[in-house]
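Okay, here's what each chain looks like letter by letter:
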Amino acid sequence: MLRILFYLVFLFSVALTSAGIILASRLRNNFKPEIFSPLLYYQVFIFTFGFYGIWGQVLIGTFLSEYISPELFTRFSNIALLMGLPFLVFAWLMLIQFASGISGRKTGGWSVFGFLFGNFAILFILGYFIASRNITEPARLIKNYYILMNVAWSLVASYLIHLPVKGKEMVHEYDRKITAPVISIISTSQCIPLVFFASQSWLALIFIFIFFLGNTFLPVYFSYGSLTPSSVAEPLRNLSFEQFCRKFEVSPRESDIVREICNGLSNKEISERLFISLQTVKDHTHRIYIKTNVRSRVQLINLVKEEATGDGRQASGIKN
């Protein structure tokens, strides 16, 4: 029965990961990217850690425990988990940057450097103690590290959201009153099963379930429950073609492809005009589709018209 529950929770984790990344990507594409890009990166890093550092441990226990000695298994498991912690550090950084952005604060290069330097210094010390076997229970040390740092950075993010820079806040007061405490509640809820965890499978299952469910809160809330002001939540329209390309992070070469697609040229004609191979045109087109979240030339042309002009006419500057 427990094995079936693990399978179900794994499928649930995959579904939540996909939903969180898709919603965060949609927020970044449709609204101010400088506000929601950190949220997308947070989703990517936190769920990468979830599968590498958490589900990876489950797979290691399932497939390796029967074939290697308990001591070697424990050592291998701890080192694998330690290698997954950098993803967690970058996830916390993105959470802080997202909280700073919607509270009207700017995070400079030195603050980012200080954050990374401090956290990776802690990881280095942690890894040193584990590798040198100066502690008897490295798994407990890693667990306590996660509990302490996860709660600490979640509280920092909550503080930043709850007390924004006056006059520069980027979200509605209602949203701040919701997201600030919920972030802390989710973090605490994730850590409670770990506090009592030793080797109980059911506690591990509860932690994994809460971890993946809780980390989808922000993209789900800002997609469906937010009252953010129009400066953030209203889609950007009437853009120039250059602004359109910057919004969707289309490279200069890809922008040339978009121009020619909007001019009605086929892939072969584009390759001849731009002096590149047909396969290169197809590769660029595929990346453009991913960045703009469309599936065909017609959808791409309509998106350019919709985003780059307010009245549906062809965007100025596309024609050569």
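Basis of the calculations
- One numbering rule holds for all chains: residues counted from 1, following each sequence as written.
- Only residues with pLDDT of at least 70 are given local features in this predicted model, and only at 80 or more are side-chain atom pairs given and counted; all residues enter the totals for whole chains, interfaces and linings.
- Only heavy atoms go into the side-chain values, all of them from the structure, while hydrogens and water stay out.
- Labels follow the DSSP assignment, with helices taken as runs of H or I lasting at least four residues and strands as runs of E lasting at least two, numbered in each case from the N terminus.
- Using a 1.4 Å probe on the protein chains alone, a residue whose accessible area is under 20% of its type maximum counts as buried, one over 50% counts as exposed, and one in between counts as partly exposed.
- Only the protein chains shown count as cover for residues, with accessible areas throughout obtained via the Shrake-Rupley method and a probe of 1.4 Å.
- The distinction between a cavity and a pocket rests on a 1 Å grid over the protein atoms alone: a 1.4 Å probe fits inside a cavity but cannot get out, while a pocket stays open yet meets protein on both sides within 12 Å along at least five of seven lines, and a residue with an atom within 4 Å of a point counts as lining.
- Grid points are joined across faces, edges and corners, and a volume is the space filled by probe spheres set on the points.
- By salt bridge we mean one thing: a side-chain nitrogen of Lys or Arg within 4 Å of a carboxyl oxygen of Asp or Glu.
- Any two residues whose heavy atoms approach within 4.5 Å at even a single point are treated as in contact.
- Residues grouped as a nonpolar core are buried Ala, Val, Leu, Ile, Met, Phe, Trp, Tyr and Cys residues, joined through side-chain atoms within 4.5 Å.

*Asks:* How do you make sense of the overall build of the protein when you look at a structure like this?
*Replies:* The number of helices and strands found in the protein is 14 helices and zero strands. Reading the helices (α) and strands (β) of the protein from amino to carboxyl end gives α-α-α-α-α-α-α-α-α-α-α-α-α-α. Among the 320 residues that make up the protein, the fraction classed as buried is 44%. With an accessible surface of roughly 16900 Å², the protein has 66% of that area assigned to carbon and sulfur atoms.

*Asks:* Looking at this structure, I do not really get unusual backbone geometry. What am I missing?
*Replies:* Working note: non-glycine residues mostly have negative phi, and peptide bonds are mostly trans. Not every positive phi belongs to a glycine, and Glu-249 is a case in point at roughly 55°. With respect to the element layout, Glu-249 can be found in the loop between helix 10 (241–247) and helix 11 (252–262). Relative accessible area serves as the criterion here: at 39%, Glu-249 is assigned to the partly exposed category. Positive phi outside glycine occurs at Asn-293, with the angle close to 60°.

*Asks:* Explain empty space enclosed by the protein to me, please; I cannot follow it from the model alone.
*Replies:* Over the atoms a probe the size of a water molecule is rolled, and this reveals where empty space is left. Using the criterion set out here, one finds one cavity of 30 Å³ or more in the structure. Taken as a whole, the largest cavity spans an internal volume of roughly 150 Å³. Every residue lining the largest cavity is counted, 14 residues in all, and those nearest its centre are Tyr-42, Leu-95, Ile-183, Ile-186 and Asn-215. At the level of elements, helix 2 (33–63), helix 3 (70–102), helix 5 (138–162), helix 6 (173–196) and helix 8 (217–224) are the ones that each hand at least two residues to the lining of the largest cavity.

*Asks:* Help me out: how do you make sense of the pattern of salt bridges in this one?
*Replies:* Where charged atoms of side chains with opposite charge meet at close range, the side chains can pair. On inspection of all chains with the given rule, the structure shows eight salt bridges. The partner of Lys-291 in a salt bridge is Glu-254, with the nearest N and O atoms 2.8 Å apart. In this pair, Lys-291 sits in helix 13 (residues 278–292) while Glu-254 sits in helix 11, placing the two residues 37 residues apart along the sequence. Judged by its relative accessible area of 25%, Lys-291 is partly exposed.

*Asks:* Before we go on, may I ask you to explain the side chain of Ser-13 in this structure?
*Replies:* By secondary structure assignment, the location of Ser-13 is in helix 1 (residues 2–30). When near neighbours in sequence (up to four residues on either side) are disregarded, Ser-13 contacts Phe-51, Trp-55, Ile-208 and Phe-212.

*Asks:* Is there a simple way to think about the nonpolar core in this case?
*Replies:* Counting 60 residues, the largest nonpolar core has Leu-85, Tyr-146 and Phe-222 as its most contacted members. The leading source of residues in this core is helix 3, at 14 residues. Counting residues in each nonpolar core, the second largest holds 20 residues, with Ile-270, Leu-274, Val-294 and Leu-300 among its members.

In short, the description is geometric, and any link to function would need to be established separately.
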